Amino acid sequence: MAVYSMSSTVLVVEDEPAIQELIAVNLGFAGHKVLRADDAEQAQYLITAELPDLILLDWMLPGASGISLARRLRADERTRGVPLIMLTAKGEEQDKVEGLEAGADDYITKPFSPKELMARIKAVLRRRAPQLTDDRIEVSGLCLDPVTHRVTGHDQLLTVGPTEFRLLHFFMTHPERVFSRAHLLDQVWGDHVFVEERTVDVHIRRLRKALQPSGHDIHVETVRGSGYRFTFKPGKVS
Ligand code: CA
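What counts and what doesn't
- Residues numbered from 1 in each chain as written.
- Predicted model: local features only at pLDDT ≥ 70, side-chain atom pairs only at ≥ 80, totals over all residues.
- Heavy atoms only, no water.
- Helix = DSSP H or I, 4+ residues; strand = E, 2+ residues; numbered from the N terminus.
- Expected span 1.5 Å × (residues − 1).
- Buried < 20%, exposed > 50% of the residue type's maximum accessible area, 1.4 Å probe, protein only.
- Arc of directions from axis to C-beta.
- Contact = heavy atoms within 4.5 Å.
- Core = buried A, V, L, I, M, F, W, Y, C linked by side-chain atoms within 4.5 Å.

## Some remarks on helix α1 (residues 17–29)
Counted at 1.5 Å a residue, the expected span for α1 with its 13 residues is 18 Å, and the 18 Å between its end C-alpha atoms agrees. Taken together, the buried positions of α1 are occupied by I19, Q20, I23, A24, N26 and L27. Seen from one end, α1 has its buried residues packed into an arc of 165°, which puts them on one side. Residues P17, A18 and F29 are exposed on α1 and point more than 90 degrees away from its buried face. Residues of α1 that are buried make contact with β1 (9–13), β2 (33–37), β3 (54–58), β4 (84–88) and α5 (114–128). In the segment just after α1, G31 is the residue with positive phi, at about 90°.

Take a look at the structure:
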């Protein structure tokens, strides 16, 4: 069975060609889209064009170190939430602590087996990006199943388009939080550069319409001046 309901985009930042290739091949086999960078500068360039779902970041890189890039990514609102796994030859406890303090979600010491790497990636995605896993979600009678791509409201089948499905999946796995249009474009469309922000409004309207038959449209709230929120408690001001 597929682990991910959609293929994740993974950015590999690694200057050693053999290790970069090994990782990329294994990620490719697992159905992921792979972006590759040899250093922090190239990584930053790729991230600006497309926000990855997960970043594998080598500690020792030519130029800016992996740890300094990790700190920069965590300080930037746009990249703060992207799961990050540090790769390193260092095994000392202090380095591990430093990596985690810089905001890494996990830490893998070289040499590692592809099997271990894939298991870590899966665990981090499950923890940090539940919308990328196949787990079925239910909120107040609204149920979304990533495996069958079905949405039901109080057991009534709802017709939801592919983009609205991804949007709803993201919302249901991140309830009660307000997301800007730019953030939704990054998370749901995977690209904030080539799609206009008003596109989000169009799909929010379609999503509400799709949820109307069971009355779940009220869970999708507009937060004036900020963006949108999926809430368990519609109508309550928080
Ligand atoms: Ca290296």
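## Remarks on helix α6 (residues 162–173)
With 12 residues, α6 extends 17 Å between its outermost C-alpha atoms, agreeing within 8% with the 16 Å of an ideal straight helix rising 1.5 Å per residue. The element α6 is largely enclosed, with a buried count of 10 among its 12 residues. Of all the residues in α6, the buried ones are T163, E164, F165, L167, L168, H169, F170, F171, M172 and T173.

## Let's talk about the nonpolar core
Formed by 25 residues in total, the largest nonpolar core has its most connected members in L142, V151, L168, F171, M172, L184 and F230. Mapped onto this core, the elements with two or more residues apiece are β6 (137–139), β7 (142–145), α6, α7 (181–189), α8 (198–211) and β12 (227–230). Considering every element that reaches this core, the biggest residue donor is α6, with 6 residues. Setting aside residues no more than four positions away along its own chain, V151 makes contact with L142, C143, L144, Q156, L157, L158, V160, F165 and L168. Membership of the second largest hydrophobic core comes to 22 residues, among which are A43, W59, V82 and L84.

Keep in mind these numbers describe shape, not what the thing actually does.
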